[in-house]
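Summary of structural features
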Amino acid sequence: AFGTAKARSNAPDYFPGNLGFDPLGLYPKDAEGQKEMQTKELKNGRLAMIAVTAFAVQEFVSQTGVIDETPLFFKPIGEVLRE
């Protein structure tokens, strides 16, 4: 099983984030490397949540959407340069 089917299967080798998809073989084989990778993933997810919260605060304060304030990050470069 792969993807969310693996998550629902209650397989003994399943843990959160292990959906059985690693085509480039980046997930470490040793337990210490796996623990380090899981920690990095948690920190990355937490940083992303902080960033989304900051976007919401920015939009609330400025009353302008983040996409309109920073089009360089969200719109095609050709469209941004024409504006």
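Computed from a predicted model, the values in this text were never measured in an experiment.

Here the focus is the pattern of salt bridges. As enumerated under the stated definition, the model contains 1 salt bridge in all. Notably, a salt bridge pairs K40 with E36, separated by 3.2 Å at the nearest N-O pair. One end of the pair is K40 and the other is E36, both in helix α2 (residues 31-62) and 4 residues apart, which spans about a single turn.

Let's shift gears to the environment of T64. By secondary structure assignment, the location of T64 is in the loop between α2 and α3 (66-69). Residue T64 is classed as partly exposed on the basis of its relative accessible area, which comes to 32%. Placed 18 residues apart in sequence, T64 and R82 show a C-alpha to C-alpha distance of 20 Å. If we ignore the near neighbours within four places in the chain, the residues touching T64 are E59 and E69.

For the rest of this paragraph, the subject is the packing of aromatic side chains. Geometry of an aromatic ring pair is reported as the spacing of the ring centres plus the angle between the planes. For the structure on display, the rule yields 1 aromatic pair. When the ring of F55 is compared with that of F74, the centres are 6.2 Å apart and the planes differ by 70°; the resulting orientation is edge-to-face. Of this pair, F55 sits in helix α2 while F74 sits in helix α4 (residues 71-74), placing them 19 residues apart in sequence. Looking at F74, the relative accessible area reads 39%, which means it is partly exposed.

What follows covers unusual backbone geometry. Of note, the phi angle at Q63 is positive, near 60°, even though the residue is not glycine. Relative to the elements of secondary structure, Q63 occurs in the loop between α2 and α3. On the basis of relative accessibility, which here comes to 64%, the residue Q63 falls in the exposed class.

Now for α2. The end-to-end C-alpha distance of α2 is 47 Å, a good match for the 46 Å that 32 residues give at a rise of 1.5 Å each. Positive phi shows up at Q63, right after α2, with a value of about 60°.

Following the sequence through the fold, E83 ends up in the segment after α5 (77-82). Given the relative accessible area of 61%, E83 is considered exposed. Spatially, the C-alpha atom of E83 lies 9.8 Å from that of P71, the residues being 12 residues apart in sequence. Setting aside residues up to four positions removed in sequence, E83 forms contacts with P71 and K75.

The predicted coordinates of low-pLDDT regions are not to be read in fine detail. Looking at the chain, the pLDDT average stands at 85 and 98% of residues meet or exceed 70. Element-level mean pLDDT values for the chain span from 73 in helix α1 (residues 3-8) up to 93 in α2.

Procedures and definitions
- Residues numbered from 1 in each chain as written.
- Predicted model: local features only at pLDDT ≥ 70, side-chain atom pairs only at ≥ 80, totals over all residues.
- Heavy atoms only, no water.
- Salt bridge = Lys/Arg side-chain N within 4 Å of Asp/Glu carboxyl O.
- Helix = DSSP H or I, 4+ residues; strand = E, 2+ residues; numbered from the N terminus.
- Buried < 20%, exposed > 50% of the residue type's maximum accessible area, 1.4 Å probe, protein only.
- Contact = heavy atoms within 4.5 Å.
- Phe/Tyr/Trp six-rings, centres within 6.5 Å; stacked < 30°, edge-to-face > 60°.
- Expected span 1.5 Å × (residues − 1).
- pLDDT = per-residue confidence, 0-100.

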